[in-house]
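Chain residues, written in single-letter form:
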Amino acid sequence: MKKAMTISYEVGEGLYLNLTNKCPCACTFCLRQNGDGAYGSDPLWLEHEPPFEEIVADLEKRDLDSYKQIIFCGYGEPTCAFDMFKKVAAWLRGQTKTPIRMNTNGLSDLINGRDTAPEFKGLLDAVSISLNAPDKEEYNAVTRPKFGEESYDAMLKFAAEIKKYVPDVMFTVVDVIGEDKIKRSQEIADSVGIRLRVREYIPD
Ligand code: SF4
């Protein structure tokens with residue numbers, strides 16, 4: 001396992017932020033199982049979880065206005081570094097008008113032990129939540145969350161709540177789950193009133 005201090009990295013027209021390697025899940029498709037980076041990035045395993053000053057020093061080297069989007073993502077679940085995310089997102093709001101998104105597993109409430117959706121107010125333009133599966137059993141088999149049974153419902157509740165605080169909310173599933181599960185995932189997404197994005201699974 002190669003480690004580095006890759007706090008930000010470019011993929012396409014986006015700037016991705018890597019704040020933490022913590023995650024309560026062990027998804028069967030997680031890129032972290034296949035290598036040390038994502039889509040040609042430097043290693044995303046962090047030597048240490050960066051403090052605010054180190055993140056700002058990294059981002060000050062970037063032309064933040066030049067990206068289509070800035071995305072909290074990385075080799076871990078961003079809401080595992082929730083306080084740092086909030087601080088960095090608020091700082092970014094003062095630096096650039098570039099839209100900010102988070103890619104999350106949607107388990108923030110279980111990770112942080114409270115209803116966290118209101119704390120996102122004003123910080124994000126978009127949030128992409130990994131739905132991963134059309135039901136609890138399949139979700140647990142694929143995502144393997146340490147919180148067990150309550151995870152799927154907690155993720156759906158978080159998704160429904162965060163719509164009040166973030167303008168663009170989407171669910172994602174990967175295309176390899178197959179047509180039937182995509183169809184049933186669409187029904188779940190419709191029931192929560194959130195659009196579904198079927199993304200191509202590209203193992204790094
Ligand atoms: S939630 Fe994301 S980082 Fe965590 S195991 Fe799943 S794919 Fe990997």
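What counts and how
- Residues numbered from 1 in each chain as written.
- Predicted model: local features only at pLDDT ≥ 70, side-chain atom pairs only at ≥ 80, totals over all residues.
- Heavy atoms only, no water.
- Helix = DSSP H or I, 4+ residues; strand = E, 2+ residues; numbered from the N terminus.
- Rg over C-alpha atoms; globule rule 2.2 N^0.38 Å.
- Buried < 20%, exposed > 50% of the residue type's maximum accessible area, 1.4 Å probe, protein only.
- Contact = heavy atoms within 4.5 Å.
- Areas by Shrake-Rupley, 256 points an atom, 1.4 Å probe, with all protein chains shown as cover.
- Lys, Arg positive; Asp, Glu negative; His and termini not counted.
- Charge placed at Lys NZ, Arg CZ, Asp CG, Glu CD.
- Expected span 1.5 Å × (residues − 1).
- Phe/Tyr/Trp six-rings, centres within 6.5 Å; stacked < 30°, edge-to-face > 60°.
- Near = heavy atom within 4 Å.
- Nonpolar A, V, L, I, M, F, W, Y, C, P; charged D, E, K, R; others polar.
- Pairing = 2+ DSSP bridges.
- Axes fitted to C-alpha atoms, helices over the stretch in contact; angles between N-to-C directions.
- Polar contact = N/O pair within 3.5 Å; in protein donor to acceptor, adjacent residues only side chain to side chain.

**Student:** Any chance you could explain the overall build of the chain here in plain terms?
**Tutor:** The secondary structure content of the chain amounts to 6 helices and 9 strands. A compact globule built from 204 residues would reach a C-alpha radius of gyration of about 17 Å, and the chain, at 16 Å, matches this within 12%. Taken over the C-alpha atoms alone, the chain extends approximately 45 × 35 × 30 Å along its principal axes. Buried residues in the chain amount to 50% of all 204 residues. Here the analysis covers contacts within the chain between residues at least 6 apart in sequence; of these, 79% occur between residues at least 24 apart. Carbon and sulfur atoms make up 49% of the accessible area of the chain, which amounts to about 9500 Å² in all. Of note, the chain has its 26 positive side-chain charges centred 2 Å away from the centre of its 33 negative side-chain charges.

**Student:** What am I meant to see in helix H5 (residues 151–162) here?
**Tutor:** Each turn of an α-helix holds 3.6 residues, which means side chains three or four residues apart point in the same direction. In this model, H5 (12 residues) spans 16 Å end to end at C-alpha, consistent with the 16 Å of a helix rising 1.5 Å per residue. Where H5 is concerned, the buried positions are Ser-151, Tyr-152, Ala-154, Met-155, Leu-156, Phe-158, Ala-159 and Ile-162. Buried-residue contacts for H5 involve strand S6 (100–104), helix H3 (108–112), strand S7 (126–130), helix H4 (136–143), strand S8 (168–174) and helix H6 (179–192).

**Student:** Which parts of the structure should I look at to understand the packing of aromatic side chains?
**Tutor:** Pairs of aromatic rings are described using the distance from one ring centre to the other and the angle between the two planes. Enumeration over the complete set of coordinates arrives at 9 aromatic pairs. Consider the rings of Phe-82 and Phe-85, whose centres lie 6.1 Å apart with planes at 20°: the pair is stacked. Highlighted residues: Phe-82 and Phe-85, both in helix H2 (residues 82–95), separated by 3 residues, approximately one helical turn. In this structure, Phe-82 and Phe-85 share a single accessibility class: buried.

**Student:** Would you explain the site of the ligand in this entry?
**Tutor:** Neighbouring the ligand are the residues Cys-23, Cys-25, Ala-26, Cys-27, Cys-30, Arg-32 and Asn-105. When the residues that make up the shell around the ligand are grouped by side-chain class, the tally is 5 nonpolar, 1 polar and 1 charged.

**Student:** Which parts of the structure should I look at to understand the sheet that holds strand S9 (residues 195–199)?
**Tutor:** For sheets, the rule is that strands pair by backbone hydrogen bonds, running either parallel or antiparallel. As summarised here, the arrangement of the 7 strands in space is S2-S3-S5-S6-S7-S8-S9, forming an open sheet in which the pairing is mixed. Single-partner strands in this sheet number two, and they are strand S2 (8–11) and S9. Here the strands of the sheet are splayed against their neighbours by 25° on average, with no regard to which way each runs. Strands S8 and S9 of the sheet are contacted by H6, whose axis makes an angle of about 150° with S9.

**Student:** Even after reading the chapter, I still don't get the side chain of Ser-41, so can you show me in this structure?
**Tutor:** Tracing the sequence through the fold places Ser-41 in the loop between strand S3 (14–17) and strand S4 (45–46). According to the relative accessible area criterion, Ser-41 is buried, its value standing at 18%. Among the polar contacts made by the side chain of Ser-41, one reaches the main-chain amide nitrogen of Ala-38 at a distance of 3.0 Å.

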